[in-house]
Amino acid sequence: MCGVNGGGEATRVGDIGGARVRVVRTTTSVRVEATIPVPAAALFGVMRDPLRHSEIDGSGTLRVPAGQSPITAVGQRFSAQVHFPGRTAYPVVNHVVAFEPDRLLAWLPADPDTPPLGIRWEWSFTGTPGALR
């Protein structure tokens, strides 16, 4: 990967596996863009199912309790447990704040019984010209 800095923004571009990846970091956000040869609807299907989130968690710390339904609307909540080795696990309740089928999904995590703190996890999916549909 190579780094480019300018305007308070750091950008890194490279390849991971078969995907072209671009990471943009500012003082208030980190955005990762990847082109993956999979239909957007299939990726969205994984993200809307909380039971599959541990499969894509790069840290390996996420555990999602059984019995949770796929995300279908803004206002829905789903929970998870975060397990760091050698530390006490803690619960997280995720508040769904954006839902557009096959296009956009976002949530704000919070401690149980408290409002979200403003950290937004957002996933947007777009097809590319000539991509699988």
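Definitions and limits used
- Residues numbered from 1 in each chain as written.
- Predicted model: local features only at pLDDT ≥ 70, side-chain atom pairs only at ≥ 80, totals over all residues.
- Heavy atoms only, no water.
- Helix = DSSP H or I, 4+ residues; strand = E, 2+ residues; numbered from the N terminus.
- Buried < 20%, exposed > 50% of the residue type's maximum accessible area, 1.4 Å probe, protein only.
- Contact = heavy atoms within 4.5 Å.
- Areas by Shrake-Rupley, 256 points an atom, 1.4 Å probe, with all protein chains shown as cover.
- Core = buried A, V, L, I, M, F, W, Y, C linked by side-chain atoms within 4.5 Å.
- Arc of directions from axis to C-beta.
- Salt bridge = Lys/Arg side-chain N within 4 Å of Asp/Glu carboxyl O.
- Phe/Tyr/Trp six-rings, centres within 6.5 Å; stacked < 30°, edge-to-face > 60°.

(A) Summary view of the overall build of the chain. Check the secondary structure of the chain and you find two helices and nine strands. From first element to last, N terminus to C terminus, the chain shows the α and β order β-β-β-β-α-α-β-β-β-β-β. Per-residue burial over the chain gives 27% buried out of 133 residues. Taking the contacts inside the chain whose residues are at least 6 apart along the sequence as the reference set, 17% of them involve residues at least 24 apart. Surface exposure of the chain reaches about 8800 Å², of which carbon and sulfur atoms provide 56%.

(B) Quick peek at the nonpolar core. Among the nonpolar cores identified, the biggest contains 10 residues, and these are Ala40, Phe44, Met47, Ile71, Phe78, Val96, Phe99, Leu105, Trp107 and Phe125. When residues of this core are traced back to their parent elements, those giving at least two are helix H1 (40-47), strand S7 (90-100) and strand S8 (104-110). With three residues, the top contributor of residues to this core is H1. The contact partners of Phe78, leaving out residues within four places of it in the chain, are Pro50, His53, Gln68, Ile71, Val92, Val93, Asn94, Val96 and Trp107.

(C) Summary view of H1. For H1, the full list of buried residues reads Ala40, Phe44, Val46 and Met47. Along the long axis of H1, the arc covered by the buried residues comes to 155°, so they all point the same way. Elements in contact with the buried residues of H1: helix H2 (53-56), S7, S8 and strand S9 (121-124).

(D) Inspection of the pattern of salt bridges at higher detail. Enumeration over the complete set of coordinates arrives at five salt bridges. Across the salt bridge formed by Glu122 and Arg120, the nearest N and O atoms sit 2.7 Å from each other. Its relative accessible area of 45% is what places Glu122 among the partly exposed residues. Beyond isolated ion pairs, a larger network of salt bridges with shared partners links Arg22, Arg31 and Glu33.

(E) Representation of unusual backbone geometry in the model. Within the chain, Asp102 stands out as a residue other than glycine whose phi angle is a positive 65°. In the Ramachandran plot, Asp113 falls in the positive-phi region, its phi being about 65° despite a non-glycine side chain. Relative to the helices and strands, Asp113 is located in the loop between S8 and S9.

(F) Representation of the packing of aromatic side chains. Evaluated as defined, the whole model comprises four aromatic pairs. Between the aromatic rings of Trp107 and Trp123, the centroid separation amounts to 6.4 Å while the plane-to-plane angle is 35°, which identifies the pairing as tilted. Of this pair, Trp107 sits in strand S8 while Trp123 sits in strand S9, placing them 16 residues apart in sequence. For Trp107, a relative accessible area of 6% translates into the label buried. Within the aromatic cluster, the residues linked to one another by ring pairs are Phe44, Phe99 and Phe125.

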